[in-house]
Every structure is written in structure tokens, then in C-alpha cells.
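Next come the chains, spelled out residue by residue.
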Amino acid sequence: LMTWNIAVSTAAKVNGIAAALELYNDMIANNVRPDVVTYSTLIAACRQSKQWQKALHLLGEMERRCVAPNVVTYTSLMACCQEAGQWQEAMQIFRRMEAAGVEADVAACNSLMSACSHSLEWEKAWAVFTGMQRLGVTPNTRSYNILIRACERCGEWQRALELFRRMQRVAQQPASVVQPNTITYNILISACAKSGRWEEAEALYRDMRSEGIMPDEFTLSSLLSACERSGICTQGMELFEEMQALGVQPNRVCYNCLLNALASSGKWQDALTVFDKMRRSRDLSPDVVSYSALISACERGGEWQRALDLFEQMQAEGLQPSAKIFAVVINACEKGGKWKTAVELFRFMQACDIELE
RNA sequence: GUAGCCUAUAGUGA
């Protein structure tokens, strides 16, 4: 049975829920009785493919086969309720769990809070957090992360910061299971990035470093995104180097963020350098976003010929120019007085069935 | 030795 369960789990991870369900059917055909682990694995896999209905169906099947769900099953089920507005379903599952006499643990509470967070119900998430004490459950790092994220999502920034401070205080207590981590800081930094608060983002990053918490690709891309929105790029370049020295391997998103920051500062030469480095030193192939940023940078610098060359180059690489890229290239040609080319591009765009906003 | 929670609207044109 355990061998089957391992196979189901592996199939779900590698080939998705459909493959896992096939194995499940094979189990039954071979007269192997699936247990609670089998079902929990399958239900957890439904989350990946956002198959909330399938998860519920599996719960029904469990009951039909007289397999009792445990706390892991319910937690996985609640984790399937992260589509907007499904917090009430998650609440129902939680109550059902309690009614079945299954005790909630910290993961179950976290899963419920997370469902509330995705439904933009920070007050509900908060109520769950408060209720944990009553259930004899101690909030952990993830609990705080979820609640901070819930507040941040709902625009309750002050509350998010207060929670963060509380988290830091709780972390000081002996044998505390709470410790701000990379994700905690990433949530806060990306919130700052979204509203272009570079200084605050940078300050958080410095705190993070002084606490000895390692940044990752998300930290870097969030900070670079903050740079872009604040029209700063030299500090972004520095951060890019600094993080590599710390062992962060910038991925494509990081490069794209840096390219965007350079583009919005009009640094097309630097953007070209970064673009080449992305290819050569990291072996990352540029995507439509990369080209979009680079072409914008050239357009802003009046480099219409270069913009056109890049436009051709991306197509030679099999990339389909987006509406934004067409707009930028056409604009570049107009600025360069290349009316004829601009008109040709416009026709080509229409032939590609792309419309401008 | 097998299953669950922060992980994806935590990060780029979107």
C-alpha cells in the first residue's frame, strides 16, 4: 500500500492529477484498498490544477469506501479553496472537521486563514488567528506570514507592519516557533514595490540582511521592481551584483525587472549589456518581456533602427511580438521620421490579428 | 520509507 501511495504521490507531482487518478483506479482494479494517505495525496494534487470539485468528489468517495478523513485530508481540502470568494467553503470544511471529532492543528488553521486571505477577508483570517489560542494551537511563522499577507492584500498596511513587529517580539521568546523568514520579508518588500515605495523596500532589505536572513530571487525581483517604479536604476544594478555575491542566481524575471528599470531610466546601452549577459553568463533565453523592455529602452533613446533590428531578431527566435511591442516600435519609427516603415508595421500588426489599446 | 498550511494575484510587459 505504501508503495502505491508513493507512486500516486510521484505521479501527481510529475505528471499531474490525471496520472495520479489513473494509478488510483489501478489500485482498485488490483484490489488494493486506498487509505487516508492515498486520498489526502489526491486531494492535495487537486489544488495544483485548481480542481476544487474533484477534491470534493474524492472526499465523497472516501466516505463511500469508509475511509475516515484526518486532519491532513481536511487541510488539503481547505487548500483547494483559494479561488476568490471561497473562504466560506473553507469554513464549512473546518466545521465539518470539528464535527467529525478531528482536532485542528496549526496547518489546518493556516490553510483556513490562507483561504480567507485569498478571498480578501483579512478580518476573517484575523478571527481564525485569534481563535487558535482557544483551540490550543500555537501560531507559527507561516501563520504570521499568512496574516501579514492578508492585511497587505486588503490595503491594511499599518496593521501588517504591526503584526510584523509583534512577530519579531514573539520570535524573541525562548523556544519560539516563530521566526521572520525570507518569505516574511518578501511579502513586505513586494508590497512596497507595488506602490513604488523604494526607500521603505530598501530599508526592509537592510533589516533583513542585518537579521542574517538570506534574500532569494523573489527578494531581488521585488526590489528591482520598486526601483523601476521610482525611476532608480543605479541602485538596482548594485543590488543585482550584491545579491549574486550572496549566492542568489538571478532568474529570467530578475533580469526582466532590471531591464525594465533601465528602460524607464532611458539607459538603453546598459540594457543591451544586461540583455547580452543574460544570454551568455546565465544561459537564459530572453522572452517577450525581455524584448519588450529592451525595445522600449531603445525607443526612449531614439534608437529606432536598433528597435527595429531587435523586433526582427525576436521573430527570428520564434517569439511573437505583443501589442505593446508593436506600439513601441511603431512609435520609434514615427519619432525617427520613418513613416513608411511605421505604416508597414501597422499593417503587419493587423495581419497578425493584434489590436492596439 | 508515503499525504497537508505561508507557494503564487510574494516577483517582470500583464
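Residues numbered from 1 in each chain as written. Chains lettered and ligands numbered in written order. Predicted model: local features only at pLDDT ≥ 70, side-chain atom pairs only at ≥ 80, totals over all residues. Heavy atoms only, no water.

Moving on: helix α16 (residues 268–280). The end-to-end C-alpha distance of α16, which contains 13 residues, comes to 18 Å, matching closely the 18 Å that a straight helix rising 1.5 Å per residue would cover. Those residues of α16 that are buried are in contact with α14 (234–245), α15 (252–264), α17 (288–300) and α18 (304–316). (Helix = DSSP H or I, 4+ residues; strand = E, 2+ residues; numbered from the N terminus. Expected span 1.5 Å × (residues − 1). Contact = heavy atoms within 4.5 Å.)

For the rest of this paragraph, the subject is the protein's contact with RNA strand B. Near RNA strand B there are 46 residues, and of these Met 2, Arg 47, Arg 149, Arg 153 and Asn 260 occur at the shortest range. Near the protein, meaning within 4 Å, the atoms of RNA strand B are sugar or phosphate in a fraction of 43%, with bases accounting for the rest. Contact distances for RNA strand B include 3.2 Å between a sugar or linking oxygen and a side-chain N or O atom of Thr 41. Between a sugar or linking oxygen of RNA strand B and a main-chain N or O atom of Ser 111, the distance comes to 3.3 Å. The biggest single contributor to the surface near RNA strand B is helix α13 (residues 217–230), with six residues. A per-class count over the surface near RNA strand B returns 15 nonpolar, 22 polar and nine charged. (Near = heavy atom within 4 Å. Polar contact = N/O pair within 3.5 Å; in protein donor to acceptor, adjacent residues only side chain to side chain. Nonpolar A, V, L, I, M, F, W, Y, C, P; charged D, E, K, R; others polar.)

It is worth spelling out the state of the cysteines at this point. Working definition: the covalent bond between the sulfur atoms of two cysteines is a disulfide. For the coordinates displayed, the defined rule picks out zero disulfides. Here Cys 151 is not cross-linked by a disulfide; its sulfur's nearest cysteine counterpart is in Cys 154, at 7.2 Å. Among the residues examined, Cys 151 registers a relative accessible area of 0% and is labelled buried. (Disulfide = S-S within 2.5 Å. Buried < 20%, exposed > 50% of the residue type's maximum accessible area, 1.4 Å probe, protein only.)

On to the packing of helix α1 (residues 2–15) against helix α3 (residues 36–48), then. If you want to describe how two helices pack, look at the angle between their axes and the distance between the axes. The interhelical angle for the contact between α1 and α3, taken along N-to-C directions, is 5°, at an axis separation of 9 Å. If you check the angle between α1 and α3, you find them roughly parallel. Within the contact between the two elements, α1 uses Asn 5, Val 8, Ser 9 and Ala 12 and α3 uses Val 37, Thr 38, Thr 41, Leu 42 and Ala 45. (Axes fitted to C-alpha atoms, helices over the stretch in contact; angles between N-to-C directions. Parallel < 35°, antiparallel > 145°, perpendicular 65-115°, else oblique.)

Take the packing of aromatic side chains next. The geometry of an aromatic ring pair is captured by the separation of the ring centres together with the interplanar angle, meaning the angle of the planes. Per the counting criterion, the structure on display carries nine aromatic pairs. The structure contains a cluster of three or more aromatic residues connected by ring pairs, namely Phe 311, Phe 326 and Phe 348. If you follow Arg 197 out to its NZ or CZ, it ends over the ring of Trp 157, 4.6 Å from the centre. (Phe/Tyr/Trp six-rings, centres within 6.5 Å; stacked < 30°, edge-to-face > 60°. Lys NZ or Arg CZ within 6 Å of the ring centre and 35° of its normal.)

Here we take up the packing of helix α12 (residues 198–210) against α14. Running from amino to carboxyl end, α12 crosses α14 at an angle of 20°, the nearest separation of the two axes being 13 Å. The orientation of α12 relative to α14 falls into the category roughly parallel. Once α12 is placed against α14, the crossing between them reads as left-handed. Touching Trp 198, Glu 202, Tyr 205 and Arg 206 of α12 are Gln 235, Leu 239, Glu 242 and Met 243, all from α14. (Left-handed = near helix turned anticlockwise from the far one by under 90°.)

All right, on to the side chain of Ser 296 then. The residue Ser 296 is located in helix α17 in this model. The exposure class of Ser 296 is buried, given its relative accessible area of 12%. Discounting residues that sit within four places of it in the chain, Ser 296 has contacts with Lys 324 and Val 328.

Our focus in this paragraph is α18. Note: α-helices contain 3.6 residues per turn, so residues at a spacing of three or four share the same orientation. End to end, α18 covers 18 Å across 13 residues, agreeing with the expected 18 Å (1.5 Å per residue, within 8%). For α18, every residue scored as buried is listed here: Ala 307, Leu 308, Leu 310, Phe 311 and Met 314. Here the buried residues of α18 occupy an arc of 160° about the axis, which is enough to place them on one side. Structurally, α18 contributes buried residues whose contacts are with α17, α19 (323–335) and α20 (339–351). Where α18 terminates, the next one or two residues include Gly 318, which has phi positive at roughly 85°. (Arc of directions from axis to C-beta.)

This model, assessed by the stated rule, comprises eleven salt bridges. The residue Arg 96 makes a salt bridge to Glu 63 at a minimum N-O spacing of 3.4 Å. Of this pair, Arg 96 sits in helix α6 (residues 87–99) while Glu 63 sits in helix α4 (residues 52–64), placing them 33 residues apart in sequence. For Glu 63, a relative accessible area of 41% translates into the label partly exposed. (Salt bridge = Lys/Arg side-chain N within 4 Å of Asp/Glu carboxyl O.)

Moving on: the layout of surface pockets. To find the voids left in a structure, one rolls a probe of water-molecule size over its atoms. Here the largest pocket defines a volume of roughly 730 Å³. Contributing to the lining of the largest pocket are 26 residues, with Arg 47, Ala 79, Gln 82, Ser 114 and Arg 142 lying nearest its centre. Every element with two or more residues in the lining of the largest pocket is listed here: α1, α3, α5 (71–79), α7 (106–118), α9 (141–153) and α11 (182–194). Ranked by residues supplied to the lining of the largest pocket, first place goes to α7 with six residues. Tallied by class, the residues present in the lining of the largest pocket amount to eight nonpolar, 13 polar and five charged. Here the second largest pocket is characterised by a volume of approximately 200 Å³. (1 Å grid on protein atoms, 1.4 Å probe; cavity = no way out; pocket = protein on both sides within 12 Å on 5 of 7 lines; lining within 4 Å. Points joined across faces, edges and corners; volume = space filled by probe spheres on them.)

Any functional reading would require information beyond the geometric quantities listed.
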